Amino acid sequence: MPDLAPAGEPVTACGGRLGRPHLPMRPLWRCRACGAEWPCQPARLSLLVEYRDDRVALLVYLATLMNEAGDQLAQLTAQPRVDLTDRFLTWARPR
Ligand SMILES: [Zn+2]
């Protein structure tokens, strides 16, 4: 039996049909699935799994998102940019 999703129910690479994928909601940068500040714990886990063979690529990707989030959050709150390093990068650095 081919494992196909019913029409109109897209299967995403992250999360599949088992649950909603933990992806950021712009410009708030909260998780679409659990509402926590993104990257939430499940998002971090799935990123670590997805990039397990290429930690450098993960850090480059997260740095890009961190810049985007910094811009958008600063605009949204009309506050100076906050340091998002811990939220986006520190946890992903190799031990
Ligand atoms: Zn989440």
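Bear in mind the structure is a predicted one, so any value in this text is a computation, not a measurement. (Residues numbered from 1 in each chain as written. Predicted model: local features only at pLDDT ≥ 70, side-chain atom pairs only at ≥ 80, totals over all residues. Heavy atoms only, no water.)

Trainee: How do you make sense of the overall build of the protein chain when you look at a structure like this?
Mentor: The helix and strand inventory of the protein chain stands at 3 helices and 2 strands. Written out in order from the N terminus, the α and β elements of the protein chain read β-β-α-α-α. A total of 95 residues make up the protein chain; the buried ones form 27% of that total. If you take every contact in the protein chain between residues at least 6 apart in sequence, the share linking residues at least 24 apart comes to 38%. (Helix = DSSP H or I, 4+ residues; strand = E, 2+ residues; numbered from the N terminus. Buried < 20%, exposed > 50% of the residue type's maximum accessible area, 1.4 Å probe, protein only. Contact = heavy atoms within 4.5 Å.)

Trainee: Mind showing me how you'd approach the environment of Tyr61 here?
Mentor: Along the chain, Tyr61 falls in helix H2 (residues 55-77). Measuring from C-alpha to C-alpha, the distance between Tyr61 and Leu89 comes to 9.8 Å, with 28 residues separating the pair along the chain.

Trainee: Any chance you could explain the coordination of the zinc ion here in plain terms?
Mentor: When a metal holds four donors in a tetrahedron, each ideal angle between them is 109.5 degrees; when it holds six in an octahedron, the ideal angles are 90 or 180 degrees. Those donors, His22 (ND1), Cys31 (SG), Cys34 (SG) and Cys40 (SG), are the protein atoms that reach the zinc ion, and they lie 2.0 to 2.3 Å from it. Around the zinc ion sit 4 donor atoms; with metal-centred angles ranging over 104 to 119 degrees, the donor geometry is tetrahedral. Sequence positions of the donors to the zinc ion reduce to the motif H-x8-C-x2-C-x5-C. Relative accessible area serves as the criterion here: at 42%, Cys34 is assigned to the partly exposed category. (Donors = N, O, S within 2.8 Å, 3.2 Å for Na, K, Ca; no water. Tetrahedral: all angles 85-135°; square planar, octahedral: opposite > 155°, others 65-115°.)

Trainee: Which parts of the structure should I look at to understand the nonpolar core?
Mentor: Among soluble globular proteins, nonpolar side chains are generally buried collectively. Core analysis: the largest hydrophobic core is formed by 18 residues, its most contacted members being Trp29, Trp38, Leu47, Leu62 and Phe88. Breaking this core down by element, the ones donating at least two residues are helix H1 (41-50) and H2. Among the elements that take part in this core, H2 stands out by supplying 6 residues, more than any other. Those residues in contact with Trp29 that lie beyond four places of it in its chain are Pro24, Ala36, Glu37, Trp38, Leu65, Glu68, Ala69, Gln72, Leu73, Arg87 and Phe88. (Core = buried A, V, L, I, M, F, W, Y, C linked by side-chain atoms within 4.5 Å.)

Trainee: Explain a nonpolar patch on the surface here, please?
Mentor: Together, Met25, Leu28 and Leu76 line one region of the surface with nonpolar side chains, adding up to about 250 Å² of accessible area. By the element assignment, Leu28 lies in the loop between strand E1 (24-25) and strand E2 (30-31). Owing to a relative accessible area of 47%, Leu28 belongs among the partly exposed residues under this scheme. (Patch = residues over 30% accessible without salt bridge, like charges linked within 9 Å, V, L, I, M, F, W, Y side chains within 5 Å. Areas by Shrake-Rupley, 256 points an atom, 1.4 Å probe, with all protein chains shown as cover. Salt bridge = Lys/Arg side-chain N within 4 Å of Asp/Glu carboxyl O.)

Trainee: Just to check I follow, could you spell out the environment of Leu76 for this structure?
Mentor: By secondary structure assignment, the location of Leu76 is in helix H2. Distance in space between the C-alpha atoms of Leu76 and Pro27 is 7.5 Å, their sequence separation being 49 residues. Contact partners of Leu76, with chain neighbours within four places excluded, come to Pro27 and Leu28.

Trainee: How do you make sense of the confidence of the model for the protein chain when you look at a structure like this?
Mentor: Detail in the predicted coordinates should be disregarded across regions flagged by low pLDDT. Averaged over all residues, the pLDDT of the protein chain is 87; the fraction at 70 or higher stands at 81%. Ignoring residues within four places in sequence, the model shows residues 8-12, a span with pLDDT below 50, making 5 contacts including any to other chains. (pLDDT = per-residue confidence, 0-100.)

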